[in-house]
Amino acid sequence: MSSGHSHPHPPKQPDIEDGPYSWHMALTDAVADLLLAKGVITADELRRTLETIDAATPAQGARLVARAWCDPAFRARVLEDVNAAAAELGIDAGAIPIRAVENRPDLHNVIVCTLCSCYPRYLLGAAPDWYKSRAYRSRVVREPRAVLAEFGLLLPDEVRIEVHDSTAELRYMVLPLRPAGTEGLDEEALAALVTRDCMIGTAVPLAPPRP
Amino acid sequence: MRRHHDMGGLPAGPVEPVEHAHAPWEKKVDAILRLLVGKGVMTLDELRRGIEDLGPGAYDELSYFERWISSISNVLLEKGVLEVAELGAAIEAARARREAAA
Amino acid sequence: MTAGPIFRPGQRVRVRAWHPPGHVRTPFYLRGHRGEILQVVGPMPNPEDLAYGRTDRPPVAVYRVRFARRELWPEDGDPHEDTVVADLCEHWLEPLETRA
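Positions within a chain are numbered from 1, following the residues in the order the chain's sequence is written. The naming scheme follows written order: chains are lettered A onward, ligands numbered 1 onward. With the structure being a predicted model, the display of local features is reserved for residues of pLDDT at least 70 and the display and counting of side-chain atom pairs for 80 or more, all residues being used for whole-chain, interface and lining totals. Calculated side-chain values reflect all of the structure's heavy atoms, with hydrogen atoms and water omitted.

> Explanation requested: the overall build of chain B in the structure shown.
A run of H or I in DSSP counts as a helix once it spans at least four residues, and a run of E counts as a strand once it spans at least two, with each numbered from the N terminus. Across its full length, chain B holds five helices and zero strands. If you list the helices and strands of chain B from N to C, you get α-α-α-α-α. Computation of the radius of gyration draws on C-alpha atoms, with the globule rule given as 2.2 Å multiplied by the number of residues to the power 0.38. What you see for chain B is a C-alpha radius of gyration of 16 Å, clearly larger than the 13 Å of a compact globule of 102 residues, by over 25%. Judged by the C-alpha coordinates and their principal axes, chain B covers about 45 × 35 × 25 Å. Residue exposure (1.4 Å probe, protein chains only): buried if accessible area is under 20% of the type maximum, exposed if over 50%, otherwise partly exposed. A burial count over chain B gives 51% of its 102 residues as buried.

What follows is the structure, encoded as structure tokens:
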């Protein structure tokens, strides 16, 4: 699909703009129309829920991690109750309890849901497609090192990997280690180092390259 | 017996690092589910059961949110929140509306 | 079921090797395997009730249980001490007799 020539328009997103109106899209509209007509849900609730969905992004989790790196008392509260700690930052992490699992120099945590694809999406936004894929869900519990290597993450033999399979109504996020060489950075700069994958456990934060 | 969705530990190919920005209809499915769960109309485990019961073919052929809306609509039919005939008519009405707008 | 958790952190347990039809949240790869109670999560609604719309049933104790990868898949021959943690309902766990 990608072509080398420059183009005056921003790239199209085929799923959004060009997709034919599928039977499942019609089913979705039909279900929504009927639920609205019957008063099961209201148009205002639907609009506000869509706004909530758009508001949840990995940046929220990154703020939480950066604050935890800078403030040991806050870090303790994150480990105790992510949803309450997020609320301190004005972030609504939803009603399902989220647990933070903390990386240590000798322990690396990874999150998966082998049975469906539970993910702390009220805090971090939508899960990436690969997180929901058969390959990730099947393999990461059994061969975490091979899977992490596919993400470019090679961990030393002495680091234990613990894979958290989200099988109940709890959601998990990884609290990664603050990288060395970031002592001078403020919270905002630190948050920029924390990608979504760092909070899934398929990546670790890296110090910015020295100028 | 291992059920189709219960895949932890099975052999599989490499993890392809794909992702896409969700389309408006996918977010709409998500919003419908959140509202129905929040109001106690259905549970997350009913969503999961409905997806698991779609069977191996549908599980692998449908996209993620296609599975969700399939399960949601089946659960709503089971519960009597929706009826088959009105859903059939509403799907046709949605299609007609889309064609008229095109 | 409402009498509080029967297992303690550190206790060794075995996951029941049940294979019922219907909706369960105990992954196949853990059934019949030995693990260790890491943490008591507390009482939670039973997903096996919720899946069928039964929202008025008593809650069940849920535990975080840790498993050694090498015990789950000894045939892999992987020497690393990597672990898996899952959240499991009490009725899926049985105490593991420890020999003195």
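> Would you mind showing me how to read the overall build of chain C here?
Scanning chain C from terminus to terminus reveals two helices and five strands. Helices and strands appear in chain C in the N-to-C order β-β-α-β-α-β-β. Expressed along its principal axes, the backbone C-alpha trace of chain C runs to roughly 45 × 30 × 20 Å. Residues classed as buried in chain C amount to 47% of the 100 residues present. When checking whether two residues touch, look at their non-hydrogen atoms; a contact exists if any pair is within 4.5 Å. Contacts in chain C between residues at least 24 apart in sequence constitute 61% of all its contacts with a sequence separation of at least 6. Note on areas: Shrake-Rupley with a 1.4 Å probe; residue coverage comes only from the protein chains shown. A total accessible area of about 5,100 Å² is found for chain C, and carbon and sulfur atoms account for 51% of it. The sign given to each residue is positive for Lys and Arg and negative for Asp and Glu; His and the chain ends receive no count. Charged side chains are reduced to one point each, which is NZ for Lys, CZ for Arg, CG for Asp and CD for Glu. For chain C, the distance from the average position of its 14 positive side-chain charges to the average position of its 14 negative side-chain charges is 2 Å.

> Just to check I follow, could you spell out the nonpolar core for this structure?
A general tendency of soluble globular proteins is for nonpolar side chains to be buried together. Buried Ala, Val, Leu, Ile, Met, Phe, Trp, Tyr and Cys residues that are joined via side-chain atoms within 4.5 Å together make up what is termed a nonpolar core. Judged by nonpolar contacts, the single largest core of 75 residues is most densely connected at Leu64(A), Val78(A), Leu123(A), Tyr131(A), Tyr136(A), Met173(A) and Leu93(C). Ignoring any residue separated from it by four or fewer positions in sequence, one finds Tyr131(A) in contact with Ile111(A), Val112(A), Cys113(A), Ser117(A), Cys118(A), Tyr119(A), Tyr136(A), Arg137(A), Ser166(A) and Ile200(A). Grouped together as the second largest cluster of nonpolar side chains are 41 residues, Leu35(A), Val40(A), Met7(B) and Leu44(B) included.

> Explanation requested: the layout of surface pockets in the structure shown.
To find the voids left in a structure, one rolls a probe of water-molecule size over its atoms. The way it works is a 1 Å grid over only the protein atoms, where trapped points that fit a 1.4 Å probe form a cavity and open points with protein on both sides within 12 Å along at least five of seven lines form a pocket, and then any residue with an atom within 4 Å of a point lines it. Grid points are joined across faces, edges and corners, and a volume is the space filled by probe spheres set on the points. Reported here for the second largest pocket is a volume of approximately 510 Å³. For the second largest pocket, the lining is made up of 28 residues, of which His20(B), Leu62(B), Ser63(B), Tyr64(B) and Phe65(B) are closest to its centre. Listed by contribution, the elements that provide at least two residues to the lining of the second largest pocket are α1 (14-17) and α8 (134-139) of chain A together with α1 (24-38), α3 (55-61) and α4 (64-79) of chain B. Here the element with the most residues in the lining of the second largest pocket is α4(B); it accounts for four residues. Classifying every residue of the lining of the second largest pocket by side-chain character gives 12 nonpolar, six polar and 10 charged. Three classes are used, and their members are as follows: Ala, Val, Leu, Ile, Met, Phe, Trp, Tyr, Cys and Pro are nonpolar, Asp, Glu, Lys and Arg are charged, and the others, Gly among them, are polar.

> What is the right way to look at empty space enclosed by the protein in this model?
All told, the structure shown has one cavity of 30 Å³ or more when counted by the stated rule. If you go around the largest cavity, the residues you meet are Leu115(A), Met1(B), Arg3(B), His5(B), Asp6(B), Glu52(B), Pro20(C), Gly22(C), His23(C), Val24(C), Thr26(C) and Arg31(C).

> I'm lost on the sheet that holds strand β2 (residues 34-44) of chain C in this one. Help?
Two orientations exist for strands paired in a sheet by backbone hydrogen bonds: parallel and antiparallel. A pair of strands is labelled paired if DSSP reports no fewer than 2 bridges between them. Pairing is mixed across the open sheet formed by seven strands, whose spatial order is β2(A)-β3(A)-β4(C)-β3(C)-β2(C)-β1(C)-β5(C). Taken across any chain shown, the strands that pair with only one partner, and hence form the sheet edges, are β2 (107-112) of chain A together with β5 (93-95) of chain C. Pairs of neighbouring strands in the sheet enclose a mean axial angle of 35°, with direction left out of account. Bridge count for strand β3 (residues 160-165) of chain A against strand β4 (residues 83-89) of chain C is four bridges, and the pairing is parallel. If you follow Asp165(A) over to β4(C), its bridge partner there is Ala86(C). Here an angle of 0 to 180 degrees is reported between the N-to-C directions of two axes, which are lines fitted to C-alpha atoms, with helices fitted over the stretch in contact.

> Please explain the interface of chain C and chain A as it appears in this structure.
How big an interface is tends to be expressed through the accessible area that disappears when the partners come together. At the interface, 24 residues of chain C touch 26 residues of chain A. For salt bridges, the criterion is a side-chain nitrogen of Lys or Arg within 4 Å of an Asp or Glu carboxyl oxygen. For the interface between chain C and chain A, the tally reads four salt bridges. Pairing of N or O atoms within 3.5 Å defines a polar contact, subject to two protein rules: one partner must be a possible hydrogen donor and the other a possible acceptor, and residues neighboring in sequence count only if both atoms are side-chain atoms. At the surface where chain C touches chain A, the tally comes to 22 residue pairs in polar contact (both at pLDDT 80 or more). Tallying contributions element by element places β4(C) first for the side of chain C that touches chain A, with six residues. Considered class by class, the residues forming the side of chain C that touches chain A number 11 nonpolar, four polar and nine charged.

> I tried to follow the pairing of strand β3 (residues 60-68) of chain C on my own but got confused; where do I start?
Sheet faces and side chains relate simply in a regular strand, where the side chains alternate between the two faces. All names here are of chain C. By the criterion of burial, β3 is predominantly enclosed, with seven of the nine residues buried. The pairing of β2 with β3 spans seven bridges and is antiparallel. When the bridges of β3 are listed, valine 40 appears paired with tyrosine 63. With seven bridges joining them, β3 and β4 adopt antiparallel strand pairing. Bridging across to β4, alanine 68 finds its partner in threonine 83.

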